[in-house]
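# Residue-level structure breakdown
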Amino acid sequence: MSTLSAGDAAPDFTLLDQDEHPVSLHDFRGRRVILYFYPAAMTPGCTTQACDFRDSLASLQGAGYTVLGVSRDLPAKLREFRERDGLVFPLLSDPDHAVHDAYGAWGEKQNYGKTIQGVLRSTFVLDEEGRVEHALYNVKATGHVARLRKTLGVDAA
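Structure report, in brief. (Residues numbered from 1 in each chain as written. Predicted model: local features only at pLDDT ≥ 70, side-chain atom pairs only at ≥ 80, totals over all residues. Heavy atoms only, no water.)

## Here's the deal with the pattern of salt bridges
Applicable threshold: What counts as a salt bridge is simple: a side-chain nitrogen of Lys or Arg found within 4 Å of a carboxyl oxygen of Asp or Glu. Only protein chains enter the accessibility calculation, which uses a 1.4 Å probe; a residue whose area is less than 20% of its type maximum is buried, one above 50% is exposed, and one in between is partly exposed.
Counted according to the given criterion, the structure contains five salt bridges. Note that E83 is salt-bridged to R82, the shortest N-O span being 3.4 Å. Overall, the relative accessible area of 54% leaves E83 in the exposed class. Judged by its relative accessible area of 19%, R82 falls in the buried class. Connected via shared salt-bridge partners are D19, R82 and E83.

## Some details on the sheet that holds strand β9 (residues 132–136)
Rules: When DSSP locates at least two bridges between a pair of strands, those strands are taken to pair. We count a stretch as a helix when DSSP gives it H or I for four or more residues in a row; a strand needs E for two or more, and each element gets its number in order from the N terminus. Think of each axis as a best-fit line through the C-alpha atoms, taken over the contacting stretch in the case of a helix, with angles from 0 to 180 degrees between the N-to-C directions.
Strand order in this open sheet of seven strands is β2-β1-β5-β4-β3-β8-β9, and the pairing throughout is mixed. Only two strands of the sheet have a single neighbouring strand rather than two, namely β2 (22–24) and β9. Put simply, the sheet's adjacent strands are angled 30 degrees from each other on average, direction ignored. In terms of strand pairing, strand β3 (residues 32–37) meets strand β8 (residues 122–126) through five bridges, oriented antiparallel. Bridge pairing links F37 to S122 in β8.

## Some remarks on the state of the cysteines
This is how the line gets drawn: Whenever a pair of cysteine sulfur atoms sits within 2.5 Å, that pair is classed as a disulfide.
The tally for this structure, following the rule as stated, stands at zero disulfides. Here C46 is not disulfide-linked; the sulfur of C51 is the nearest cysteine sulfur, at 11 Å. Residue classification places C51 among the buried positions, given a relative accessible area of 13%.

## Some words on the layout of surface pockets
A water-sized probe rolled over the atoms picks out the places where empty space is left. Selection rule: In this analysis the probe radius is 1.4 Å and the grid spacing 1 Å, with only protein atoms considered; a cavity is a set of points the probe fits into but cannot get out of, a pocket is an open set with protein on both sides within 12 Å along at least five of seven lines, and lining residues have an atom within 4 Å of a point. Grid points are joined across faces, edges and corners, and a volume is the space filled by probe spheres set on the points. Residues are grouped as follows: Ala, Val, Leu, Ile, Met, Phe, Trp, Tyr, Cys and Pro are nonpolar; Asp, Glu, Lys and Arg are charged; every other residue, Gly included, is polar.
Within this model, the largest pocket holds a volume of roughly 340 Å³. Breaking the lining of the largest pocket down by element, the ones donating at least two residues are β6 (106–111) and β7 (114–119). The greatest single-element share of the lining of the largest pocket, amounting to three residues, is contributed by β6. Classifying every residue of the lining of the largest pocket by side-chain character gives seven nonpolar, three polar and three charged.

Rendered as structure tokens:
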């Protein structure tokens, strides 16, 4: 597995969102993007993380960031997740984990003492030119958004 570092070009992609509309990373050029990868919609940790992004969205957007979430879930499940938890940012579907692979967000991890292949909860902050400013791997769901805001110098809303 190869990982990304600050200064690397962010791999471009086009994925379907929760409404089955194509979303391409290159459409966000000129804006700063927080791209986060999470294991599965509607699971406890992923719900905590998504709701933390939702609750911080105003302050993040005010600082010029667009938030995009990526998982292997299909659009119908992402739509249910959005509606259930009032999520107001795009949730993108990467069922074959090709984009996860491109970002180094797929690989070996420990799950209940077993080594498995799966999603490595990761967050990438991209600049206006599509370059990686921060590549954060194996983040924890709880408290991650608060730590990210601190790193970015973004006050809570």
